[in-house]
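Geometric and topological summary
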Amino acid sequence: MHYVVVGASAAGINGIRTLRKLDSKATITLISKDEYIYSRCILHHYIEGIRDIKQLEFVEDHFIEEYNINWIKGVSVEKLISERQILILSDGSEIGYDKVLLATGSNTFFPPIKGLNEAKNVMGLRNLDDAELMIEKAKVAKNIVVVGAGLVGVDVITGLLHYGKDLTLVEFKSHMLSIQLDEFAAASYQNAFKEKGVTQYYNTAVEEVLVDEQGSVVGLNLSSDKTIPCDLLIVATGVRSNISFLADSGVACDRFGLLFNEYGETNVINVYGAGDISGRNPIWPAAVKEGIVAASNMAGSRRELTDFFASKSTMNFLNIPTLSVGIPEAMDDTYEIASKIELDLGNYKKIIYKDGIIYGAIIQGDLSYAGILTQLIKEKININNVQKSIFDVDYSDFFHLSDNLQFTYHKN
C-alpha cells in the first residue's frame, strides 16, 4: 500500500503518525512546500525572536527516518488526476498513490479593498517564509498596521511588540478576538496592548490603501474618515483554503474549501481530507483530530470524528491565559448566562447554557476549572441536576467510581 500525504502541518503529520502505527509495512510519501515541520500557531514567537526554527518544530528529532517516510519537500501539488490516482507536482514530476490525504491548509485572504492588491509592502502570515519576510520588513518600517484582530492578527501584533515601531490594529468588529471572546474578556487584552503602545481601532474598516509613486503603501483611509500612516500592512482578515490544484479533479469543494465527511472521506474514492483545507474550524486541535481520523480510515480502522469541540480555543497573550469553548455570547433570550468576576485576581468565568446544557464558556485568568468544564460540555451533562453553583462543581458531582475503579458518568 502506498499512502501519500500532502501537507506537513498538524493534520498531515498526525495523519502520518497514525498511518505508520496502523500499517508498519506501507510506503508513506509526504509532499510539502515547506522544508521544515513546524507549528504555524507559534510563528509569532519566531517573529518575536524567542524561538528559532528548531524550537518551532513539533516532531521529535529524526521523525522522518524513524517513521520511514519518503519526504518530497519544497514542492507543491499542481494537479490531482483521480482517474489515474496520480499527483502532478510543481517540479513537473508525477507521483502515484493508492490512497491520498489532502492537508494543504490555507492562505491569507486579501479582501477587495481599493489599492490593496496593487500595493507593495502588503503581506499576510501563514508560513515560515511569511514570518521571515515580515522580520526583514519590520526592521525598516516605521508605521506597521495589522488589519484584523482575530487570532492571527493578535499573534502578529504580539510578535512585533519588541521592534519599537508604531503599531496599529484595525478591526471591523466591535472588539478583539470576537469569534472567541465577549467584550469583557477582550477588554483585558485590549487594555494590555494599549499599555504596550498599540493603537487600536474597532468598528472600523479600511476603505482604501494609499501608495506612493513607487507603488509602496504609505497610508490607509479608514471608514471613520481618518487617514493613518502605514509603510507595512499586514492582512489578517481571514484565510482561503488551498484547493486550486483540485480544479477539474472531480473532488468536491464548496466556497469554503474541500468537502469531507466525519470519516475524512471525500466524494472520490481513495481521496481523503483533513485540516484547514476544509475552510472550517481553522484551529490546531481540529486539524490534529481530523488528520488522525482520516488516516485511521485510510488504513482500514474505522473511526468517526466525534466528541470534539471544533470551536475550542486556548490563548495566552501578554501573560493573560484564556479558554473559549463554543459560543461567546447568548444567541437569543432563551439562553441563560452565569458569570463570575474577580477583578483583583484577574479572573473571569462565563457560562452560557440552555435547558441545563452548556453551549459556550469563557475562562480567563485561573484556568483550573477548564478540565471540569470540558467534561460538562463533552458529556452534555445537564447542570440542572447539580445542586450547587455551576462554578463550584467538581468531578464527584457527575463522575462515579465503578466496581473496577473506573470513573464513569451515567446520564439520567
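Check the entry above for the structure.
Residues numbered from 1 in each chain as written. Predicted model: local features only at pLDDT ≥ 70, side-chain atom pairs only at ≥ 80, totals over all residues. Heavy atoms only, no water.

1. Some points on helix H8 (residues 284-298)
The condition that has to hold: Here a strand is any run of E in DSSP of at least two residues, a helix any run of H or I of at least four, and the numbering for each starts at the N terminus. Multiply 1.5 Å by the residue count of a helix minus one, and that product is the helix's expected span. Burial classes follow relative accessibility: with a 1.4 Å probe on protein chains only, a residue under 20% of its type's maximum area counts as buried, one over 50% as exposed, and anything between as partly exposed.
If you check H8, its first and last C-alpha atoms are 21 Å apart, about what 15 residues at 1.5 Å a residue would give, namely 21 Å. With 13 of 15 residues buried, H8 lies mostly within the body of the structure. Once H8 ends, the next one or two residues include Gly300, with phi positive near 90°.

2. Focus: the environment of Leu102
Spelled out, the test is: We call two residues contacting when some pair of their heavy atoms lies within 4.5 Å.
Along the polypeptide, Leu102 turns up in strand S7 (residues 99-102). What makes Leu102 buried here is its relative accessible area of 0%. Taking the C-alpha atoms as reference points, Leu102 and Asn382, 280 residues apart in sequence, are found 38 Å from one another. Sequence-distant contacts of Leu102, defined by excluding residues within four places in its chain, comprise Val6, Leu80, Phe245, Leu246, Leu258, Val271, Tyr272, Gly273, Ala274 and Ile277.

3. With respect to a nonpolar patch on the surface
Counted only if it meets this: Patches were defined on residues exceeding 30% relative accessible area and lacking a salt bridge, with like-charge contacts within 9 Å and nonpolar side-chain contacts (Val, Leu, Ile, Met, Phe, Trp, Tyr) within 5 Å. The Shrake-Rupley method, run with a 1.4 Å probe sphere, supplies the accessible areas, and residue values consider only the shown protein chains as cover. Each salt bridge in this description consists of a side-chain nitrogen of Lys or Arg and a carboxyl oxygen of Asp or Glu lying within 4 Å of one another.
A contiguous nonpolar patch, built from Phe184, Ile341 and Leu343 and spanning about 310 Å² of accessible area, is present on the exposed surface. Position of Ile341 relative to the elements: it lies in strand S21 (residues 336-342).

4. Digging into the pattern of salt bridges
Enumeration over the complete set of coordinates arrives at twelve salt bridges. Residue Lys114 pairs with Glu208 through a salt bridge whose shortest N-O separation is 3.8 Å. On the criterion of sequence distance, the pair formed by Lys114 in the loop between strand S8 (106-108) and strand S9 (122-123) and Glu208 in strand S13 (residues 206-211) is long-range, its members being 94 residues apart. The class of Glu208 is partly exposed, set by a relative accessible area of 22%. With a closest N to O distance of 3.3 Å, Glu329 and Lys350 form a salt bridge. On the criterion of sequence distance, the pair formed by Glu329 in the loop between strand S20 (320-326) and S21 and Lys350 in strand S22 (residues 347-354) is long-range, its members being 21 residues apart. What makes Glu329 partly exposed here is its relative accessible area of 38%. Where salt bridges share partners, they join Lys54, Glu57 and Asp61 into one cluster.

5. Considering the sheet that holds S7
Spelled out, the test is: A strand pair is defined by DSSP finding two or more bridges across the two strands. Simply put, an axis is a line fit to the C-alpha atoms, just over the touching stretch for a helix, and the angle between two N-to-C directions goes from 0 to 180 degrees.
On the basis of which strands lie adjacent, the open sheet formed by five strands has the order S3-S2-S1-S7-S18 and parallel pairing. The open sheet has two edge strands with one neighbour each: strand S3 (69-73) and strand S18 (271-273). The sheet shows a mean angle of 20° between the axes of neighbouring strands, direction not considered. Summarising the sheet, strand S1 (residues 2-6) and S7 pair through four bridges and their orientation is parallel. Across the sheet, Val4 pairs through a bridge with Val100, a residue of S7. Where helix H1 (residues 10-22) meets the sheet, it contacts S1, strand S2 (27-32), S3 and S7, and its direction lies at approximately 175° from that of S2. Strand contacts of H8: S1, S7 and S18, with the helix running at about 175° to S7, the strand carrying the most contacts.

6. A few points about the sheet that holds strand S11 (residues 166-170)
The strand order S9-S16-S10-S11-S12 describes an open sheet built from five strands, whose pairing is parallel. The open sheet is flanked by S9 and strand S12 (199-201), the only strands paired with a single partner. The pairing of S11 with S12 spans three bridges and is classified as parallel. Each bridged residue has a counterpart across the sheet, and for Thr168 the counterpart in S12 is Thr199.

7. A short note on the side chain of Lys349
Under the convention used in this document: Positive charges come from Lys and Arg, negative ones from Asp and Glu, while His and the chain ends are left out of the count.
With respect to the secondary-structure elements, Lys349 resides in strand S22. Look at Lys349: it is buried, it has no salt bridge, and the nearest opposite charge is Glu342 at 4.8 Å. When neighbours within four sequence positions are excluded, Lys349 is seen to be in contact with Ala338, Ser339, Lys340, Ile362, Ile363, Asp366, Tyr369 and Phe391.

8. Comments concerning unusual backbone geometry
The phi dihedral of His62 falls on the positive side, at around 65°, and the residue is not glycine. Within the secondary structure, His62 is located in the loop between helix H3 (53-56) and helix H4 (63-66). Given a relative accessible area of 57%, His62 falls into the exposed group. Here the phi dihedral of Gln85 falls at roughly 55°; this positive angle occurs in a residue that is not glycine. Within the secondary structure, Gln85 is located in the loop between strand S4 (77-81) and strand S5 (86-89). Its relative accessible area of 18% is what places Gln85 among the buried residues.

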